[in-house]
Amino acid sequence: MWRITAFLKCSANSDRETFVSHLKDVWAPAIANQAGHKDVLIKLMINLPMDLTSTALEEVFPPHFDALVELFYDDYNSAMQGLDSLSEPPANARLEALVDQQASAVFLGEVRPKKPDELAATGVRMTVAGHVVDGMAVEDAQRYWNDVHPVVAQQAPETWNRLTLYTQVHGRKISGEGLAQWLGPYQFFPMCADMGASSIDEMLIAYGNDQYMAIVRPDEQKFSKPEEMLTFVTDRKVTVLDRG
């Protein structure tokens, strides 16, 4: 499975409520029914930001983004076919005037589940996207992240056992031409991950305990830059399309 992930911030001439309404009611139906694209699109999800006011995460994860959009495809070729079919999007699917082109980011990656949510227990999900640590090749970092890091993370049960979901998305560098017209500006992020927990309190404990700081965090720093990641926390998902 491949996924286009879009961290979106609305432009200054809009507001979150208007922007999200347009995404759900106008943009999403147009994208899901675009000729050529509708044949390869498997899922289309719009995640809405969680209100972190008065929580311990309010200062750590300020609300930089207004929506996290996900488009799923069976394979890389299907994703590229979908992108090609949207090279000339219909008028009601154009977002460039509604999206902050400096603050938003869109990228393509391969979805690799490491801890699927088989019980549908996730109440809160955090999605992050980041870059490889300086001096390490992208391929080497992604290989370590895929093969080694999940094993290391399981050595910290105070973190691992609290997670209801852990999915890696391995970024693939593409031209990204035309993405800004119908979704947002392309930026290559080699690493993106979804982490789920049953509640915000469980999420806080999972990433605020001594085992995480002693075992998981140092391992993350071997291959990535966790302090520079994009972050989106959500407790609400709008499923526009799901053929999966």
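As a starting point, this report considers the structure included with it.

Definitions and limits used
- Residues numbered from 1 in each chain as written.
- Predicted model: local features only at pLDDT ≥ 70, side-chain atom pairs only at ≥ 80, totals over all residues.
- Heavy atoms only, no water.
- Helix = DSSP H or I, 4+ residues; strand = E, 2+ residues; numbered from the N terminus.
- Rg over C-alpha atoms; globule rule 2.2 N^0.38 Å.
- Contact = heavy atoms within 4.5 Å.
- Areas by Shrake-Rupley, 256 points an atom, 1.4 Å probe, with all protein chains shown as cover.
- Lys, Arg positive; Asp, Glu negative; His and termini not counted.
- Charge placed at Lys NZ, Arg CZ, Asp CG, Glu CD.
- Pairing = 2+ DSSP bridges.
- Axes fitted to C-alpha atoms, helices over the stretch in contact; angles between N-to-C directions.
- 1 Å grid on protein atoms, 1.4 Å probe; cavity = no way out; pocket = protein on both sides within 12 Å on 5 of 7 lines; lining within 4 Å.
- Points joined across faces, edges and corners; volume = space filled by probe spheres on them.
- Nonpolar A, V, L, I, M, F, W, Y, C, P; charged D, E, K, R; others polar.
- Core = buried A, V, L, I, M, F, W, Y, C linked by side-chain atoms within 4.5 Å.
- Buried < 20%, exposed > 50% of the residue type's maximum accessible area, 1.4 Å probe, protein only.
- Arc of directions from axis to C-beta.
- Polar contact = N/O pair within 3.5 Å; in protein donor to acceptor, adjacent residues only side chain to side chain.

1. Considering the overall build of the protein
Part 1 of the argument: When its secondary structure is counted, the protein shows 8 helices and 8 strands.
Part 2 of the argument: Here the protein has a C-alpha radius of gyration of 18 Å; the compact-globule value for 244 residues is 18 Å, and the two agree.
Part 3 of the argument: Once the C-alpha set of the protein is aligned to its principal axes, its extents read approximately 50 × 40 × 35 Å.
Part 4 of the argument: Considering only residue pairs separated by 6 or more positions, the protein has 87% of its internal contacts joining residues 24 or more positions apart.
Part 5 of the argument: Total accessible area on the protein is roughly 11300 Å²; 48% of this is exposed by carbon and sulfur atoms.
Part 6 of the argument: Charged side chains in the protein number 21 positive and 34 negative. The centres of these two groups are separated by 3 Å.

2. Structural notes on the sheet that holds strand E3 (residues 67–73)
Part 1 of the argument: Around the barrel, 8 strands lie side by side as E1-E3-E2-E8-E5-E7-E6-E4; this closed barrel has antiparallel pairing. For this sheet, the mean inter-axis angle between neighbouring strands, taken without regard to orientation, is 35 degrees.
Part 2 of the argument: In this sheet, strand E7 (residues 191–197) lies alongside strand E6 (residues 165–171) in antiparallel orientation, the contact comprising 6 bridges. Note on E7: the bridge partner recorded for His170 is Met191.

3. Quick notes on the layout of surface pockets
Part 1 of the argument: Considering only enclosed or pocket space, the largest pocket measures out at about 670 Å³ in volume.
Part 2 of the argument: For the largest pocket, the lining is made up of 32 residues, of which Met126, Tyr207, Tyr212, Arg217 and Glu220 are closest to its centre.
Part 3 of the argument: Top element by residues in the lining of the largest pocket is helix H8 (residues 210–223). It accounts for 5 residues.
Part 4 of the argument: For the lining of the largest pocket, the residue count by class is 23 nonpolar, 6 polar and 3 charged.
Part 5 of the argument: When its volume is computed, the second largest pocket comes out at roughly 570 Å³.
Part 6 of the argument: Taken together, 23 residues line the second largest pocket, and the ones lying closest to its centre are Glu70, Arg125, Leu165, Asp194 and Lys237.
Part 7 of the argument: Looking at the lining of the second largest pocket, the elements with two or more residues in it are strand E2 (41–49), E3, strand E4 (105–115), strand E5 (124–130), E6 and strand E8 (230–242).
Part 8 of the argument: The element that contributes the greatest number of residues to the lining of the second largest pocket is E8, accounting for 4 residues.

4. Side note on the nonpolar core
Part 1 of the argument: Core analysis: the largest hydrophobic core is formed by 52 residues, its most contacted members being Ile4, Trp27, Val69, Leu71, Trp182 and Leu183.
Part 2 of the argument: At the level of secondary structure, the elements contributing two or more residues to this core comprise strand E1 (2–8), helix H1 (16–32), E2, E3, helix H2 (76–85), E4, helix H6 (179–182) and E8.
Part 3 of the argument: The element best represented in this core is H1, accounting for 8 residues.
Part 4 of the argument: The residues contacting Leu183, other than those within four sequence positions of it, are Ile4, Ala6, Leu8, Trp27, Val69, Leu71, Leu95, Val99 and Val106.

5. What about H2?
Part 1 of the argument: Listed as buried for H2 are Ser78, Ala79, Gly82, Leu83 and Ser85. End-on, the buried residues of H2 take up no more than an arc of 165 degrees, which puts them together on one face. Exposed and facing more than 90 degrees away from the buried side of H2 are Asn77 and Asp84.
Part 2 of the argument: Of the residues that open H2, the one with a side-chain oxygen 3.4 Å from the backbone nitrogen of Asn77 is Asp75.

6. Thoughts on the pairing of E2
Part 1 of the argument: In terms of burial, E2 is largely enclosed, as 8 of its 9 residues are buried.
Part 2 of the argument: Relative to E3, E2 runs antiparallel, the two being bridged by 6 bridges. Of the residues in E3, the one forming a bridge with Met45 is Glu70.
Part 3 of the argument: Pairing geometry for E2 and E8, over 7 bridges, is antiparallel. Residue pairing for E8: Leu44 is matched across the bridge by Leu241.

7. Focus: the side chain of Thr234
Part 1 of the argument: Following the sequence through the fold, Thr234 ends up in strand E8.
Part 2 of the argument: Side-chain polar atoms of Thr234 contact the backbone oxygen of Leu48, separated by 2.5 Å.
Part 3 of the argument: Ignoring anything within four residues of it in the chain, the contact list for Thr234 reads Asn47, Leu48, Met50, Gly123, Val124 and Arg125.

Don't take any of this as a statement about function, it's just geometry.
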